[in-house]
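# Observations on chain architecture
Next come the chains, spelled out residue by residue.
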Amino acid sequence: MIRFGIIGTNWITDRLLESAQYVDDFQLAAVYSRTIEKAEEFAGKYDIPHIFTDLEEMAASAEIDAVYIATPNAYHAEQAILFLKNNKHVLCEKPLAANAAEVTRMIQTAKNHKVLLMEAMKSTLLPNFKVIQENLHKIGPIRKYVASYCQYSSRYDKYKEGIVLNAFKPELANGSLMDLGVYCLYPLITLFGGPHKIKATAFMLESGVDGEGSVALEYEDRDAVIMYSKITNSHLPGEIQGEKGSMIIDKIHTAEKVEIRYNDGRVEELTVDQPYPAMYYELNEFVELLKQGKMESDTNSYENSYLTMHVMDKVREQIGLVYPNDEK
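- The name given to the chain in an unreviewed UniProt entry is Dehydrogenase, with Priestia aryabhattai as the source organism.

Have a look at this one:
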């Protein structure tokens, strides 16, 4: 069994733990919270034996083998590096860090200590994403990738009332690019690598983060357009266009339906069953890597995580989105 510690007791952690019940060899051993009350409440909910309110103490503990980090983006690097240095394996929520310099430090620390570091990006580990990868050749030379993830945030209503919640705070390295845009970028980079040119636009909120944005990315023989927003909704599917047809993906962040529409009018249904909750697949990948003694995922690889963050750095430069982490 792999004994996990949890850092961050929010709704995303609840989703992960719902998925964990289906993962062989996952054992929930510890939880960290800044307050003993919150830690005890969470531990009671999930019957967790060990409670910590000190991260250094938790990192040094012999009670855990790995941690899942689901704190605000601004803290990912610092917390992950602490645990990696204590020879604990780290599954860290997306985006992996606040900037590419932090990602580089995280990767180097994982390599130095021979432990596993993986970004908890669910999209690229779903069975239907493997279907996308395996069937791309059918649509001929790829010329265009289009992805949209626009989801009106309930927290935006509070923002308009003058209450700035975490989702819109630059000091936590938040905003629509980091929260939703990453879901459009990570699959793109997993499929096609990094772009040659980037052109970004965004609507900036007074709090200092981006409410919504679009990025045009240029490759040698194709281009990509991604759109993301926390202040509007979109119902557009994702699309990969080839010279022989187009692959339609219902939701780029959680592909549940995939089909090819060929130029001659034929439609090929590619969807496969995904019997488990979406976050099962990332957690299972992490656990299987540990059981096999591997220190890096082939799919959610160091390179893919670094390149995605590097592109997001370039986008932020162009739209004038700066985080306190950038100045460290």
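## Observations regarding helix α1 (residues 11-20)
- Burial runs high along α1: seven of the 10 residues are buried.
- Where α1 is buried, its residues touch β1 (2-7), β2 (26-32), α2 (36-46), β4 (66-69), β5 (89-93) and α9 (280-291).
- For α1, the N-terminal cap is N10; the gap from its side-chain oxygen to the backbone nitrogen of I12 is 3.2 Å.

## Things to note about the nonpolar core
- Within the largest apolar cluster, 86 residues are counted, with the highest numbers of intra-cluster contacts made by F83, Y145, L217 and I240.
- Inspection of this core shows a minimum of three residues originating in each of domain 1 (2-121) and domain 2 (127-278 + 308-326).
- Residues within four places of F83 in sequence aside, it is in contact with I7, L55, M58, A59, I64, V67, K88 and V90.
- Formed by 31 residues, the second largest nonpolar core is a distinct cluster that contains L17, I48, A120 and L126.

## Looking at the pattern of salt bridges
- Applying the stated criterion across every chain, the model contains 19 salt bridges.
- Taking the shortest distance from any N to any O, the salt bridge between D179 and K230 comes out at 2.4 Å. Of the two residues, D179 sits in helix α8 (residues 176-192) while K230 sits in the loop between β10 (223-229) and β11 (238-242), which places them 51 residues apart along the sequence.
- Owing to a relative accessible area of 25%, D179 belongs among the partly exposed residues under this scheme.
- For K230, a relative accessible area of 6% gives the class buried.
- The shortest N-O distance in the salt bridge between E259 and K257 comes to 3.6 Å.
- Assessed through its relative accessible area of 38%, K257 is described here as partly exposed.
- Overlapping salt bridges bring together K257, E259, R261 and E269 as one network.

Calculation rules
- Residues numbered from 1 in each chain as written.
- Predicted model: local features only at pLDDT ≥ 70, side-chain atom pairs only at ≥ 80, totals over all residues.
- Heavy atoms only, no water.
- Buried < 20%, exposed > 50% of the residue type's maximum accessible area, 1.4 Å probe, protein only.
- Helix = DSSP H or I, 4+ residues; strand = E, 2+ residues; numbered from the N terminus.
- Contact = heavy atoms within 4.5 Å.
- Polar contact = N/O pair within 3.5 Å; in protein donor to acceptor, adjacent residues only side chain to side chain.
- Core = buried A, V, L, I, M, F, W, Y, C linked by side-chain atoms within 4.5 Å.
- Domains from an automatic or database assignment.
- Salt bridge = Lys/Arg side-chain N within 4 Å of Asp/Glu carboxyl O.

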